[in-house]
Amino acid sequence: YSKHDINNNKNNNNNNNSTQQQQQQNNNLIHYNDYNYQRDEFFFMDDSDGRKNQRYLEHFEEMGLIDRDDIQEGQQYDTYTGYPYTPIQLDSRARHQSPTGTPLTTNRGFEVYEVTQSNVLGQFALSEQYTPSHFTGDVANKALERLTKQSDPFFLTVSFHNPHPPMTPANK
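Residues numbered from 1 in each chain as written. Predicted model: local features only at pLDDT ≥ 70, side-chain atom pairs only at ≥ 80, totals over all residues. Heavy atoms only, no water.

J.: I tried to follow the pattern of salt bridges on my own but got confused; where do I start?
T.: Note on pairing: side chains with opposite charge can pair once their charged atoms come close. Enumeration according to the criterion identifies five salt bridges in this entry. For aspartate 138, the salt bridge identified is with lysine 142, shortest N-O distance 4.0 Å. A residue pair is termed a helical-turn pair when its members lie 3 or 4 positions apart in one helix, as aspartate 138 and lysine 142 do in helix H4 (residues 132–147) at four residues. The class for lysine 142 is partly exposed, based on a relative accessible area of 24%. (Salt bridge = Lys/Arg side-chain N within 4 Å of Asp/Glu carboxyl O. Helix = DSSP H or I, 4+ residues; strand = E, 2+ residues; numbered from the N terminus. Buried < 20%, exposed > 50% of the residue type's maximum accessible area, 1.4 Å probe, protein only.)

J.: How should I be thinking about unusual backbone geometry in this particular structure?
T.: Following proline 165, the chain continues to proline 166 via a peptide bond in cis, the omega torsion being 0°. Note on placement: proline 166 falls in the segment after H4. The residue aspartate 40 is not glycine, and still its phi comes out positive at about 55°. By secondary structure assignment, the location of aspartate 40 is in the loop between strand E1 (34–36) and strand E2 (41–43). Despite not being glycine, glutamine 97 shows a phi value in the positive range, around 50°.

J.: Looking at this structure, how should I read the nonpolar core?
T.: Side chains that are nonpolar tend, in soluble globular proteins, to be buried together. One finds Tyr37, Leu57, Ile66, Leu126, Tyr130 and Phe135 to be the most contacted residues of the largest nonpolar core, which totals 14 residues. Looking at this core, the elements with two or more residues in it are helix H2 (51–62) and H4. The contact partners of leucine 126, leaving out residues within four places of it in the chain, are Leu57, Ile66, Tyr83 and Ala170. (Core = buried A, V, L, I, M, F, W, Y, C linked by side-chain atoms within 4.5 Å. Contact = heavy atoms within 4.5 Å.)

J.: Would you mind showing me how to read H4 here?
T.: Given 3.6 residues per helical turn, the α-helix brings residues three or four places apart onto the same face. In this model, H4 (16 residues) spans 22 Å end to end at C-alpha, consistent with the 22 Å of a helix rising 1.5 Å per residue. Within the span of H4, buried status applies to Pro132, Phe135, Gly137, Val139, Ala140, Ala143 and Leu147. Looking at the buried positions of H4, the neighbouring elements they touch are E1, E2 and H2. (Expected span 1.5 Å × (residues − 1).)

As structure tokens, this is what we get:
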């Protein structure tokens, strides 16, 4: 063996030990970022396009508790959840006096700057228990209940979407 071979062999052994230690540490960590209401279980899903909230809403719609198509006169669909909200005067569709359910797109006569989520302003039509903030808090509470039953230390990060466009809070 040359000195180079011995050093490489030592480095490989160190790297293998380091990799094994890292894998051992990762095995001790449990990472969840989502919750399945139907199965009542946590899981991990790599998505960052707002689908999590939509999955929660779809579950409650399948249970018959909410209805996406229950849109009242003058309401529009928000661009984040796809559920109705009542626009205020600053909202793009309210400023244009758009008919109920008008899609917020440029081919509907809106300018490019008007079709962003920051132009969706009003009151969410569903109750507060179906808002992104409620789901985040509810899932965090479920995680705390599960984590406090174990003897191991834990770290829980909870990130709320709001306040963030679209600005469509619930009535309460």
